[in-house]
Amino acid sequence: MSEDGRAAHPSHSAVTERIAALHTGAPFELLDCGILSGVTYRHLLAAGLEVDYTGIDIGEAALAHCRELHPEARWRQMSITDLAFPDGSFDVVNCRHLLETLPYYETAVREAFRVARRTVAICMFQIPQEPEVLLRRETANGYIWLNRYAPGPFEALLHSLSESVETVDVTADNGRNRIFFCTKRPA
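This write-up is about the structure you can find in this document. The model shown is predicted, which means the values in this text are computed figures rather than measured ones. (Residues numbered from 1 in each chain as written. Predicted model: local features only at pLDDT ≥ 70, side-chain atom pairs only at ≥ 80, totals over all residues. Heavy atoms only, no water.)

Points about the packing of helix H5 (residues 106-115) against helix H6 (residues 151-161)
Close contact between H5 and H6 brings their axes to 11 Å; oriented N to C, the two are set at 20 degrees. As far as their axial angle goes, H6 and H5 are roughly parallel. Crossing angle aside, the handedness with which H5 passes H6 is right-handed. Between H5, through Glu106, Val109, Arg110 and Phe113, and H6, the contact on the second element is made entirely by Phe154, Leu157, Leu158 and Leu161. Here the residues of the contact of H5 with H6 are counted per class, giving six nonpolar, no polar and two charged. (Axes fitted to C-alpha atoms, helices over the stretch in contact; angles between N-to-C directions. Helix = DSSP H or I, 4+ residues; strand = E, 2+ residues; numbered from the N terminus. Parallel < 35°, antiparallel > 145°, perpendicular 65-115°, else oblique. Left-handed = near helix turned anticlockwise from the far one by under 90°. Contact = heavy atoms within 4.5 Å. Nonpolar A, V, L, I, M, F, W, Y, C, P; charged D, E, K, R; others polar.)

As structure tokens, then:
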């Protein structure tokens, strides 16, 4: 998908609207996992939100591009499966179109909840359904995972870490995305 296509994807608007409803008029800290081109940051700024933004990705090229476009934000190279932040560092942790590309989701989800104070938003382009399919594809640069997880264990993990979980389906040109808006269970 092109950068313009990613920027116009309706899942960005759905996440931005939810975050705006929680944090309108108040500054907040957000960790964005898997930044790709910094599109989520631009959506938050366009909505007029006072966000203290940190974006992470494993790809240095994507981070360098984002640093050039938005030097005022923090851009760090790291994996969602090993976040170098203390517990409860961010008001919101956003994870969009990332879990499906990992060998498995559990460590990443637990890390997102660990560093979140209150809200975790997870958007998936491969909506969990049976049967679970764990697919590793070879590419010129190594390999990539393209997984469809079973809903039972995935949703059970979210509910075990959350006070509440709301799902929102967003229709896009290529099909549906599912966003899980989770309110972290108090410690």
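Focus: the pairing of strand E5 (residues 116-124)
Within E5, seven of the nine residues are buried, which leaves the element mostly enclosed by the surrounding structure. Tracing the backbone out of strand E4 (residues 90-96), into H5 and back to the parallel element E5 gives a crossover that is right-handed. As defined by bridge partners, E5 adjoins strand E9 (residues 175-184) across six bridges and the pair is classed as antiparallel. The partner of valine 120 across the bridge, within E9, is cysteine 182. (Buried < 20%, exposed > 50% of the residue type's maximum accessible area, 1.4 Å probe, protein only. Right-handed = clockwise from strand over helix to strand, strands pointing away. Pairing = 2+ DSSP bridges.)

What about the packing of aromatic side chains?
Within a pair of aromatic rings, the relevant descriptors are the distance that separates the centres and the angle that separates the planes. Overall, the coordinates contain nine aromatic pairs when judged by the stated rule. Both rings, one in tyrosine 41 and one in tryptophan 75, keep their centres 5.9 Å apart while their planes meet at 90 degrees; by these two values the pair is edge-to-face. Highlighted residues: tyrosine 41 in helix H3 (residues 39-46) and tryptophan 75 in strand E3 (residues 74-77), separated in sequence by 34 residues. You'll find tyrosine 41 and tryptophan 75 in the same group, each marked buried. The rings of Tyr104, Tyr105, Tyr149, Phe154 and Phe180 are connected pair by pair, giving a single aromatic cluster. In this arrangement the basic side chain of arginine 18 is found over the ring face of phenylalanine 181, its NZ or CZ atom lying 4.3 Å from the centre. (Phe/Tyr/Trp six-rings, centres within 6.5 Å; stacked < 30°, edge-to-face > 60°. Lys NZ or Arg CZ within 6 Å of the ring centre and 35° of its normal.)

Concerning the pairing of strand E1 (residues 28-33)
E1 sits mainly inside the fold: five of its six residues count as buried. Of the pairings in the sheet, the one linking E1 to strand E2 (residues 51-57) comprises six bridges and is parallel in character. Note that in E2 the partner of cysteine 33 across the bridge is isoleucine 56. Running through H3, the crossover from E1 to the neighbouring parallel element E2 is right-handed. Both E1 and E4 contribute to a ladder of four bridges, which runs parallel. Within the sheet, the bridge partner assigned to cysteine 33 lies in E4 and is cysteine 95.

Keep in mind that these numbers describe shape and distance, not what the molecule does.
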